[in-house]
Structure formats: structure tokens, C-alpha cells
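Now for the letters of each chain:
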Amino acid sequence: MRHPPKKVTYRFSPKTQKLVRESIPTYAEVEKKIRENFGTFADSKNAPIHRWFQYPAGFSYKAVNYILDQHVIVPGHTVYDPFVGTGTTIVVCKQRGIESYGVEAHPFVHEIAEVKTDWDINFKALREEIQNTSLRLEFSIADAEREDVSHLPKLVRSCFSRHNLQRLLFIRSFVQQSVSKRFQKLFFVALTCALRQASAAATGWPYIAPKKRIKEKDGLEAFIKQLYRMIEDLESVPPEFRKTPSHIILGDARNSKLPSSFFNLGFTSPPYLNNYDYADRTRLETYFNGYASSWGDITEKVRKKLIVSATTGFIS
Ligand SMILES: C[S@@+](CC[C@H](N)C(=O)[O-])C[C@H]1O[C@@H](n2cnc3c(N)ncnc32)[C@H](O)[C@@H]1O
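Residues numbered from 1 in each chain as written. Predicted model: local features only at pLDDT ≥ 70, side-chain atom pairs only at ≥ 80, totals over all residues.

Draft legend 1. The arrangement of the nonpolar core in detail. The biggest cluster of nonpolar side chains holds 68 residues, and the ones touching the most others in it are Ala190, Leu191, Ala194 and Phe223. Broken down by element, this core gets its largest block of residues, 11 residues, from helix H9 (residues 181-198). Two domains each provide a minimum of three residues to this core, namely domain 1 (39-119 + 238-270) and domain 2 (123-235). If near-sequence neighbours (up to four positions away) are discounted, Leu191 is found in contact with Ile171, Arg172, Val175 and Phe223. (Core = buried A, V, L, I, M, F, W, Y, C linked by C-beta atoms within 7 Å. Buried ≥ 20, exposed ≤ 12 C-beta atoms within 10 Å, placed from the backbone. Helix = DSSP H or I, 4+ residues; strand = E, 2+ residues; numbered from the N terminus. Domains from an automatic or database assignment. Contact = placed C-beta atoms within 7 Å.)

Draft legend 2. Structural detail: the sheet that holds strand S5 (residues 246-250). Ordered by their spatial adjacency, four strands build an open sheet running S5-S2-S1-S6, and the pairing between neighbours is parallel. This sheet does not close on itself; its edge strands, each paired only once, are S5 and strand S6 (265-266). As paired strands, strand S1 (residues 78-81) and S6 are joined by two bridges and run parallel to one another. If you follow Tyr80 over to S6, its bridge partner there is Gly266. Relative to strand S2 (residues 99-104), helix H4 (residues 88-95) is tilted by about 170°, and along the sheet it contacts S1, S2 and S5. (Pairing = 2+ DSSP bridges. Axes fitted to C-alpha atoms, helices over the stretch in contact; angles between N-to-C directions.)

Draft legend 3. Representation of the environment of Gly102. One can find Gly102 in strand S2. On the basis of neighbour count, Gly102 is assigned to the buried category, with 28 C-beta atoms found within 10 Å. As a C-alpha pair, Gly102 and Asp233 span 131 residues in sequence and 22 Å in three-dimensional space.

Listed below in C-alpha cells is the structure:
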């Protein structure tokens, strides 16, 4: 007759048991780790498309993925972000084939979001446009020395050497005159994104510090590099998601006319009372692109349209 095998029981000492217990993270700890950077731009800094413009007011693209998973939002649903900023929510939705809507009141931030979500592109034509533009710019950039920079606000002049600023201005005019209409916005956004990369002043967010000098990079090189980064990211989008509809409206979220009032999910990060003045922090880009030419001008054309998120703006 065969006997059943003897049952062997392993016993760990209470000390080992405690060690094991403490080394297994609890659900809450895992959850906390996952959500650690949700409120910051850290995750998005190196992620394709999100990385084009380092918007410190932006949140993590992983936060959007997480929330879409939690609420089982799938293609066929619609998502809304009333303070869409540079479009993090919309980019993620598009990457998942989900239609989405966003509103942004800052004109230059809106333009970034628009370009980041324009994926229905003839890539061969875009590559050719980038190659031709680089060649023609290399050939003609010496003429940049004729550019007049004196009309630009001091903040812009203090971020670059005269030589580099002349080159950046020359590139801007070149894009305006020579790049095909279809790709012009993308090229302008590339130039805008290259500004802080090329600057001789510390432009790390949130404040630009003109007195803190850093190694300046050639504006033309930064611009071309940015263009190639953009096309590489765009080409990485699976073809089936390139046509996912997305709608980014330039306007005030408090009274925007949306084509639909039904959404399956709303996800946003509104302007908090954290003294973060979006118009102030984006002065370099706003001035360079000619949206405004002085602080008074920025207040009139941009700040008045934004929800005040600075407590210093309140009078009691
Ligand atoms: C916290 S940021 C959102 C950033 C966004 N989640 C992203 O990842 O880029 C808030 C945004 O609200 C915008 N904003 C301020 N007032 C607004 C208004 N009245 N209507 C629409 N957008 C507004 C600001 O310009 C800013 O870009």
C-alpha cells in the first residue's frame, strides 16, 4: 500500500515573516508610485509628440491614459478638456482612436496644441519640404545679417546674441514666404519650440533669467533638429489613428460654443490659484511671434482672456 507523501510545512521566523510583509508594496503604495508625476510635465518631457514643447503647466500623458482605462473610454466615446493647454489630453485620445474636444484661450498655446494634433499629413511631402527648407536656409542664412532686431522687446533681445536673433528672425520670414501653406504652422511651431533650446539665457521654466548666461546654440540647427524630431514622432503614429477626429477651439472655456454638449468623459487641469501666470511665462514666444509687443499689449490681447490664476491679481 502506498502512503501519501508527508506534508512538509515550512516555517519562517517572525522576523523573516515581517521582512517579507514589509517588502511587498501595498496596493496603495503601488497606486501612489504610478500617480507620482501625474500633476507634472516630467513624464511628457521625453514622450513622442508631447515633448515638442516643454509646457510646465502641462500634466502627464500617463494621467490621461490612466483615467481613460479607469473609465473604460474606448473608440466611439468622446472626451472633453476645457483647459486643454498644449493638448496632452487630445494627443492621448487620438493615439487611442478616441474623438476629443479641447478649448484653449491663449493663442500661441492653442497653436501648439493644434499642430500637435494634426496627423493627417502626407509624410513624403513633409519630408521633402523639410529637406528643401534646410538646404535653402543653409544657402541663404548669411543674408540674416540684414535683419533688424531693434524693434523686438528687450526680453527677446536679452535671450540671444544679435547674430543668433537675426538668424531666428530670418528663418521666421523665410517660413512665411517660402514654406507651403499646408505646413507653415508646423514650421512656425518648430521655430517656437527651438527658441528656448537656442537661447543664451537660462530659460528654464518658470522664469526666464536673462542675467544667467548659458551656452547659446545656433538657432538654425535647433530649428532643423526640431523639425526632424517632429516628423519622426508623427511617423511613429500607427496609420489607423492618424485620422482620429479631434477639435481644438481657440476661445474661453466659460462660453465656448461646442458642437456637442455630450461627452463620455471630461478631464482637465484648470488654472489653479497657484500664482502661475500663463501669459507671463510665455512672453518670449508671444513677443517673438508678434502676438504682442509689450507687457501692456500682452495684458490686453492675452491676459484678459485667461482665467486669473494669480492671487496677486485679486483686490480685496
Ligand atoms: C493647467 S493648464 C492646462 C495644461 C494642459 N493640461 C496641458 O497638458 O498642456 C491651464 C490652461 O488653461 C488655459 N486657460 C486659462 N483661462 C482659460 C479660459 N478662460 N478658457 C480656456 N482656457 C483657459 C491656460 O492658458 C492654460 O494653458
